[in-house]
Amino acid sequence: MSDRLLLRLAADGALTWLRQAGAAASASNVGAPPSSALAAAGEVVVFVPSEDVWLGETRLAARSRAQLAQALPFAVEDQLLGTLEELHFAAARGDGDHVGVAVVAKERMRAWLARLAEAGVRADVLVPESLALPLAPGRAGALIEDARAVVRLAPWSAFACMPAELPSWLAQAEAGGALAPLDVQDFRDAPALALPVEVASYRERQCDPLAALAAAWSAPQRAPAANLLDGEFAPAHGAARGARAWRRAGALAAAVALLALLNLGADVL
């Protein structure tokens with residue numbers, strides 16, 4: 001089985017990465033992955049900062065992917081800041097006509113891809129880290145680190161803030177009726193935060209946040225997430241990788257056919 005390579009791109013451009021094969025994963029490593037790890041990867045997934053990606057949900061009856069891409073910006077336009085021409089949209093279909101939406105500035109996308117290219121990384125999937133937070137049924141999820149906290153309120157609703165601001169943000173979410181009991185993963189080397197909401201579970205002094213995101217991302221029950229590498233940012237190397245796979249399959253089929261002919265010839269002799 002080919003490895004999956006998972007990276008986390010921080011707001012300051014710093015990278016961490018780990019390699020995953022099946023259910024087994026390595027510990028996180030700081031910096032860019034070596035060329036050997038990149039060459040062995042069957043898929044490269046990059047988590048980007050949640051602060052730069054707006055998440056939402058809408059309903060669209062578009063039948064084709066092209067129709068969906070055309071209608072999506074106008075379906076959520078009134079909830080966004082900035083002009084549509086400056087924004088990049090990605091979507092994931094849900095049940096029926098429900099569509100999950102992720103929106104990011106095109107300038108930010110170009111900056112992320114330039115940083116990855118500088119590190120020799122060609123991603124297959126680019127997704128906000130909020131969509132990798134585990135979300136049990138009827139629960140919200142939170143990841144707390146020294147300098148920031150990310151909270152996923154629902155499949156397509158999330159926010160990020162400073163840890164000191166988290167209690168007030170959660171109180172506002174609860175007042176608006178948008179907060180389910182909270183599952184917290186705290187990666188600080190500090191006592192648990194006092195949160196003014198119902199906490200279903202609180203795991204403090206955790207380590208390796210990328211490993212936690214990777215485990216949740218690879219869970220079988222994970223809901224579909226929007227890949228930001230879509231439209232004008234779709235990776236060209238994905239098609240090349242698919243073509244190589246078809247060539248390998250064709251070569252294998254030819255070898256099998258040749259072996260069958262040789263066996264037939266041997267039987268005749």
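What you see is a predicted model; the values in this text were computed from it and never measured.

Colleague: So what's going on with the overall build of the chain? Which residues, and what values?
Modeller: A tally of regular secondary structure across the chain gives six helices and 14 strands. Put simply, the chain has 269 residues, and 39% of those count as buried. Considering only residue pairs separated by 6 or more positions, the chain has 58% of its internal contacts joining residues 24 or more positions apart. Of the roughly 14,400 Å² that the chain leaves accessible, carbon and sulfur atoms contribute 57%.

Colleague: Before we move on, could you go through the sheet that holds strand β12 (residues 157-161) and cite the residues and values that matter?
Modeller: Ordered in space as β12-β11-β10-β13-β14, the five strands form an open sheet in which the pairing is mixed. The outermost strands of the open sheet, each flanked by one partner alone, are β12 and β14 (199-203). Ignoring strand direction, the axes of neighbouring strands in this sheet form an average angle of 15°. Pairing between strand β13 (residues 182-186) and β14: four bridges, direction parallel. Each bridged residue has a counterpart across the sheet, and for V184 the counterpart in β14 is Y202.

Colleague: Any chance you could break down the sheet that holds strand β7 (residues 87-93) for me, citing the residues and the numbers?
Modeller: One key point about sheets: their strands pair by backbone hydrogen bonds, in either a parallel or an antiparallel sense. Read across the open sheet, the three strands follow the order β6-β8-β7; overall the sheet is antiparallel. Single-partner strands in this sheet number two, and they are β6 (54-59) and β7. The mean angle between the axes of side-by-side strands here comes to 30°, regardless of whether they run parallel or antiparallel. Bridging between β7 and strand β8 (residues 98-105) involves seven bridges; their strand directions are antiparallel. In the strand pairing of β8, H88 is matched with V104. Against the sheet, helix α2 (residues 65-76) contacts β6, β7 and β8, and its axis sits at roughly 110° relative to β7. Sheet strands touched by helix α3 (residues 106-118): β7 and β8. Its angle to β8, the strand with the most contacts, is close to 75°.

Colleague: Kindly report on the side chain of D124, identifying the contributing residues and their values.
Modeller: With respect to the element layout, D124 can be found in the loop between α3 and β9 (125-128). With a relative accessible area of 14%, D124 lands in the buried category.

Colleague: So what's going on with the nonpolar core? Which residues, and what values?
Modeller: Among the nonpolar cores identified, the biggest contains 46 residues, and V46, F47, W112, L126 and L228 are the most heavily contacted of them. In terms of residue count, the dominant contributor to this core is strand β5 (residues 41-48) (six residues). Listed in part, the 16 residues of the second largest apolar core include A149, L182, V184 and V197.

Colleague: Residue-level account of helix α5 (residues 209-217), with values.
Modeller: Taken across its nine residues, α5 has seven buried, putting it largely inside the fold. Along α5, the residues classified as buried are P209, L210, A212, L213, A214, A216 and W217.

So, how was this worked out
- Residues numbered from 1 in each chain as written.
- Predicted model: local features only at pLDDT ≥ 70, side-chain atom pairs only at ≥ 80, totals over all residues.
- Heavy atoms only, no water.
- Helix = DSSP H or I, 4+ residues; strand = E, 2+ residues; numbered from the N terminus.
- Buried < 20%, exposed > 50% of the residue type's maximum accessible area, 1.4 Å probe, protein only.
- Contact = heavy atoms within 4.5 Å.
- Areas by Shrake-Rupley, 256 points an atom, 1.4 Å probe, with all protein chains shown as cover.
- Pairing = 2+ DSSP bridges.
- Axes fitted to C-alpha atoms, helices over the stretch in contact; angles between N-to-C directions.
- Core = buried A, V, L, I, M, F, W, Y, C linked by side-chain atoms within 4.5 Å.

All quantities given are derived from atomic positions and should not be read as evidence of function.
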